[in-house]
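The chain contents come next:
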Amino acid sequence: MADDKTLTSKQLHFCRAWASGMSQSDAYREAFDVGEMKPKSVHERASRLAALGKVKSRYERLIAAREAGMVASALSDREMVRKHLRDLALTASPQDSGRLRALELLGRASGAFVELTAEVDVRSSADLLAELDAMLDSATPDDTLVADDLDFSADRPKTVDIH
């Protein structure tokens, strides 16, 4: 990497140790000779070093590369499992319970089985009728409309006398 040339070997070692999961102070101790330096001084120096743009940039690239590697590994593992399940599903004897299990796992891994759930409101028709009557009884006169109050003229098609 081009930025690696601007980092000293100790700075690069610090970045790698920090990106591996060490604290900044521990990474600083790993990369630099701290001798009898007080922990507070180590912490301050590690913090200053971590704040440098080129160091922080390298650290972030190392973390991103590690995460990309983990994703690629997980995808690779998933594909390997699917391949083996597919092979087992195709090559096992029909009586083999492993074949059925492989097909089931393969189906789950590929999302072929989707569990559907539905909430069902179980009420009798008498309960629904009573609820509807209560709603109608509670309606105020302002809530009710008379058919004469409604103007449907806009909804009617215009008629043309062709005679």
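Residues numbered from 1 in each chain as written. Predicted model: local features only at pLDDT ≥ 70, side-chain atom pairs only at ≥ 80, totals over all residues. Heavy atoms only, no water.

Novice: Just checking my understanding: could you explain a nonpolar patch on the surface for this structure?
Specialist: A contiguous nonpolar surface patch, about 310 Å² in accessible area, is contributed by L129, L132 and L136. Tracing the backbone shows L132 in helix α6 (residues 125-138). Here L132 falls in the partly exposed class, since its relative accessible area comes to 45%. (Patch = residues over 30% accessible without salt bridge, like charges linked within 9 Å, V, L, I, M, F, W, Y side chains within 5 Å. Areas by Shrake-Rupley, 256 points an atom, 1.4 Å probe, with all protein chains shown as cover. Salt bridge = Lys/Arg side-chain N within 4 Å of Asp/Glu carboxyl O. Helix = DSSP H or I, 4+ residues; strand = E, 2+ residues; numbered from the N terminus. Buried < 20%, exposed > 50% of the residue type's maximum accessible area, 1.4 Å probe, protein only.)

Novice: How should the nonpolar core be read in this particular structure?
Specialist: The nonpolar side chains of a soluble globular protein tend to be buried, and buried together. Core analysis: the biggest nonpolar cluster contains 19 residues, and F14, Y28, F32, L49 and V55 have the highest contact counts within it. Sort the elements by how many residues they give to this core and helix α1 (residues 9-19) lands first, with six residues. Setting aside residues up to four positions removed in sequence, V55 forms contacts with L7, F14, C15, L49 and A50. (Core = buried A, V, L, I, M, F, W, Y, C linked by side-chain atoms within 4.5 Å. Contact = heavy atoms within 4.5 Å.)

Novice: For this particular structure, what's the right way to read the pattern of salt bridges?
Specialist: Pairs may arise between side chains of opposite charge once their charged atoms sit close together. This structure, assessed with the given rule, holds three salt bridges. One salt bridge connects D26 with R29, and the closest N-O pair in it is separated by 2.9 Å. Remark: R29 and D26 occur in helix α2 (residues 24-31); sequence separation between them is three residues, near one turn of the helix. Residue D26 is classed as partly exposed on the basis of its relative accessible area, which comes to 40%. Judged by its relative accessible area of 35%, R29 falls in the partly exposed class. Residues E44 and K40 are paired through a salt bridge, measuring 3.9 Å at the closest nitrogen-oxygen approach. Of this pair, E44 and K40 are both found in helix α3 (residues 39-51), four residues apart, which corresponds to roughly one turn of the helix.

Novice: Where do I start with the packing of aromatic side chains in this structure?
Specialist: Pairs of aromatic rings are described using the distance from one ring centre to the other and the angle between the two planes. Taken as a whole and assessed by the stated rule, the structure comprises four aromatic pairs. Between F14 and Y28 the ring centres are 6.4 Å apart and the planes differ by 75°, which places this aromatic pair in the edge-to-face class. Pair noted here: F14 is in helix α1 and Y28 is in helix α2, with a separation of 14 residues, a long-range link. Plain terms: the ring middles of W18 and Y59 are 3.6 Å apart, the flat faces sit at 15° to each other, and that makes the pair stacked. Taken together, the positions of W18 in helix α1 and Y59 in helix α4 (residues 53-91) put the pair 41 residues apart, joining distant regions of the chain. Among the aromatic residues, those joined into a cluster by ring pairs are F14, W18, Y28, F32 and Y59. (Phe/Tyr/Trp six-rings, centres within 6.5 Å; stacked < 30°, edge-to-face > 60°.)

Novice: Help me understand the environment of S25, please; the structure alone is not making it clear to me.
Specialist: Its location among the elements puts S25 in helix α2. Between the alpha carbons of S25 and V42 there is a distance of 6.0 Å; along the sequence they are 17 residues apart. Ignoring any residue separated from it by four or fewer positions in sequence, one finds S25 in contact with V42, H43 and A46. Of note is the side chain of S25, whose polar atom sits 3.5 Å from the side chain of H43. (Polar contact = N/O pair within 3.5 Å; in protein donor to acceptor, adjacent residues only side chain to side chain.)

Novice: Explanation requested: the packing of α1 against α2 in the structure shown.
Specialist: The interhelical angle for the contact between α1 and α2, taken along N-to-C directions, is 140°, at an axis separation of 8 Å. On the basis of their axis angle, the class for α1 and α2 is oblique. Considering only the axes of α1 and α2, their crossing is right-handed. Here K10, H13, F14, A17 and W18 of α1 lie close against α2, whose contacting residues are Q24, A27, Y28, E30 and A31. The residue makeup of the contact of α1 with α2, split by class, is six nonpolar, two polar and two charged. (Axes fitted to C-alpha atoms, helices over the stretch in contact; angles between N-to-C directions. Parallel < 35°, antiparallel > 145°, perpendicular 65-115°, else oblique. Left-handed = near helix turned anticlockwise from the far one by under 90°. Nonpolar A, V, L, I, M, F, W, Y, C, P; charged D, E, K, R; others polar.)

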